[in-house]
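Here is how the chains run, residue by residue.
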Amino acid sequence: MFEVEVKLRASHDAIRPALAEADAVFVERVTQVDTYYDAPHRDFAETDEALRLRRETRESDVEGELDRRSDDDPARADQGVATTKLTYKGPLVDADSKTREEHETGVDDGDTAEAIFDGLGFEPAAVVEKHRAFYELDGYTVTLDQVAGLGEFVEVEAEAEASDDVASVREGAFDVLRTLGLDPTDQIRTSYLGMLLEADAE
C-alpha cells in the first residue's frame, strides 16, 4: 500500500470556510505525539526511511460534533482514550508528491514498545507533536495540522494499492487542493520531522 500525500502551509481560518462550501464531512480531532527512531544498523536520514511510534488521543472538536452526541455514543466513549501505533515508512517514490510505501500496526503497550526499541539499540531521534482535524472530501482525507514549532498546514491524502495508481491518486489530491483554493505547486515534500530537524540545525 502506498500513502499518497500532498502537504502545504495554509491558514486554517481560511480553509475552514472552503471546506464547508465544498460539503466536506468532519471526522474527528486528535492529538498525536510521534517519536521517531534512529536505527543502529543504518542511517534513516540517508536511506529516506522512518520508524515511528505514535501515541494518539482523541479530542473534543471545535465544530461541536462530539458535544451533540449522546453519552453512550461510541464516538464520545473513546474521547480522550490514547492509542499507540507503530509505523515504518519507506523512501519517497514519487517526484510530484509525498508518496511512500507504508506499513502500520497497532501496539498494545507503548511503554513496552519503547523498551524493546531501547533493548535493540534504536534511539529516539525527535518528537513531533500535532493537533489534527480530519475531514473527508471527494474520497480523500483532508487534515488541518497545527504542528508544535512549525505552524499550520493542510494535508490531502489517500491510499494507492499499487505504484501504477499513484499518479491518478496524486492528481485527485491536486484537484481537492484546488477546490479549497490552494495551489498544488506550493506543496512541501519534506516531512514534519525533517522540517523540525532543519529548524534545529539553523
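Just above, that's the structure.
Residue indices follow the written sequence of each chain, beginning from 1 at its first position. Local features are withheld for residues below a pLDDT of 70 in this predicted model, meaning they are given only at 70 or higher, and side-chain atom pairs are given and counted only at 80 or more; totals for whole chains, interfaces and linings count all residues. Excluded from the side-chain calculations are hydrogens and water; all other atoms, namely the structure's heavy atoms, are used.

## Some thoughts on the nonpolar core
Looking at soluble globular proteins, one finds that nonpolar side chains tend to be buried together. Core analysis: the largest hydrophobic core is formed by 28 residues, its most contacted members being Ile 15, Leu 19, Tyr 135, Val 142, Leu 180 and Leu 182. Helix and strand assignments follow DSSP, with helices taken as H or I runs no shorter than four residues and strands as E runs no shorter than two, numbered in order from the N terminus. At the level of secondary structure, the elements contributing two or more residues to this core comprise strand E1 (2–9), helix H1 (12–21), strand E6 (123–137), strand E7 (140–147), strand E8 (151–160) and helix H5 (166–179). Considering every element that reaches this core, the biggest residue donor is H5, with 6 residues. Every residue in contact with Ile 15, bar those within four places of it in the chain, is listed here: Ala 10, Leu 144, Val 154, Leu 180 and Leu 182. Counting 12 residues, the second largest nonpolar core, distinct from the first, contains Val 147, Phe 153, Met 195 and Leu 196. Residues enter a nonpolar core if they are buried and are Ala, Val, Leu, Ile, Met, Phe, Trp, Tyr or Cys, with the set joined through side-chain atoms within 4.5 Å. With a 1.4 Å probe rolled over the protein chains alone, any residue whose accessible area is under 20% of its type maximum counts as buried; one over 50% counts as exposed, and the rest are partly exposed. We call two residues contacting when some pair of their heavy atoms lies within 4.5 Å.

## Side note on the layout of surface pockets
The way it works is a 1 Å grid over only the protein atoms, where trapped points that fit a 1.4 Å probe form a cavity and open points with protein on both sides within 12 Å along at least five of seven lines form a pocket, and then any residue with an atom within 4 Å of a point lines it. Grid points are joined across faces, edges and corners, and a volume is the space filled by probe spheres set on the points. Considered as a void within the structure, the largest pocket measures approximately 1000 Å³ in volume. Contributing to the lining of the largest pocket are 46 residues, with Glu 3, Tyr 36, Arg 52, Lys 89 and Lys 98 lying nearest its centre.

## Some remarks on the pairing of E8
The element E8 is largely enclosed, with a buried count of 7 among its 10 residues. Here E1 pairs with E8 via 8 bridges, running antiparallel. Of the residues in E8, the one forming a bridge with Glu 3 is Glu 159. Whether two strands pair depends on DSSP finding at least two bridges between them. Bridge count between E7 and E8: 7 bridges; the pairing is antiparallel. Within the sheet, the bridge partner assigned to Thr 143 lies in E8 and is Glu 155.

## Describing H5
Three- or four-residue spacings in an α-helix give side chains the same orientation, since the helix completes a turn every 3.6 residues. The terminal C-alpha atoms of H5, which comprises 14 residues, lie 20 Å apart, in line with the 20 Å expected from a rise of 1.5 Å per residue. Among the residues of H5, Val 166, Val 169, Arg 170, Gly 172, Ala 173, Phe 174, Val 176 and Leu 177 are the ones counted as buried. Following H5 by one or two positions, Gly 181 has its phi on the positive side, about 80°. Take the residue count of a helix, subtract one, and multiply by 1.5 Å to get its expected span.

## Let's talk about the packing of aromatic side chains
When the centres of two rings from Phe, Tyr and Trp lie within 6.5 Å, Trp using its six-membered ring, the rings pair. Their planes under 30 degrees apart give stacked, over 60 give edge-to-face, and anything left gives tilted. All chains considered together, the criterion is met by 4 aromatic pairs. Both rings, one in Phe 153 and one in Tyr 192, keep their centres 5.1 Å apart while their planes meet at 65°; by these two values the pair is edge-to-face. In this pair, Phe 153 is assigned in strand E8 and Tyr 192 in helix H6 (residues 192–201), connecting sequence segments 39 residues apart. In this structure Phe 153 comes out as buried when scored by relative accessible area, which is 0%. By way of ring pairs, the aromatic residues Tyr 37, Phe 117 and Phe 122 are connected into one cluster. Either the NZ atom of lysine or the CZ atom of arginine qualifies as a charge over a ring when it sits within 6 Å of the ring centre and within 35 degrees of the ring normal. We note Lys 7 situated over the ring of Tyr 192; from NZ or CZ to the ring centre the distance is 4.1 Å.

## Quick look at H1
Within H1, burial applies to His 12, Ile 15, Ala 18 and Leu 19. Looking down the long axis of H1, one finds its buried residues gathered within 120° of arc, a one-sided arrangement. Across from the buried face of H1, at angles greater than 90 degrees, the exposed residues are Asp 13, Ala 14, Ala 20 and Glu 21. Taken together, the buried residues of H1 touch E6, E7 and E8. As used in this structure description, the phrase polar contact means that two N or O atoms lie within 3.5 Å; if the pair is within protein, one of them must be able to donate a hydrogen and the other to accept it, and residues adjacent in sequence are counted only when both atoms belong to side chains. For H1, the capping residue at the N-terminal end is Ser 11, with a side-chain oxygen 3.4 Å from the backbone nitrogen of Asp 13. After H1 finishes, the residue Asp 23 shows a positive phi value of roughly 60°. Picture the helix axis, draw a direction to every C-beta atom, and the arc is the one those directions span.

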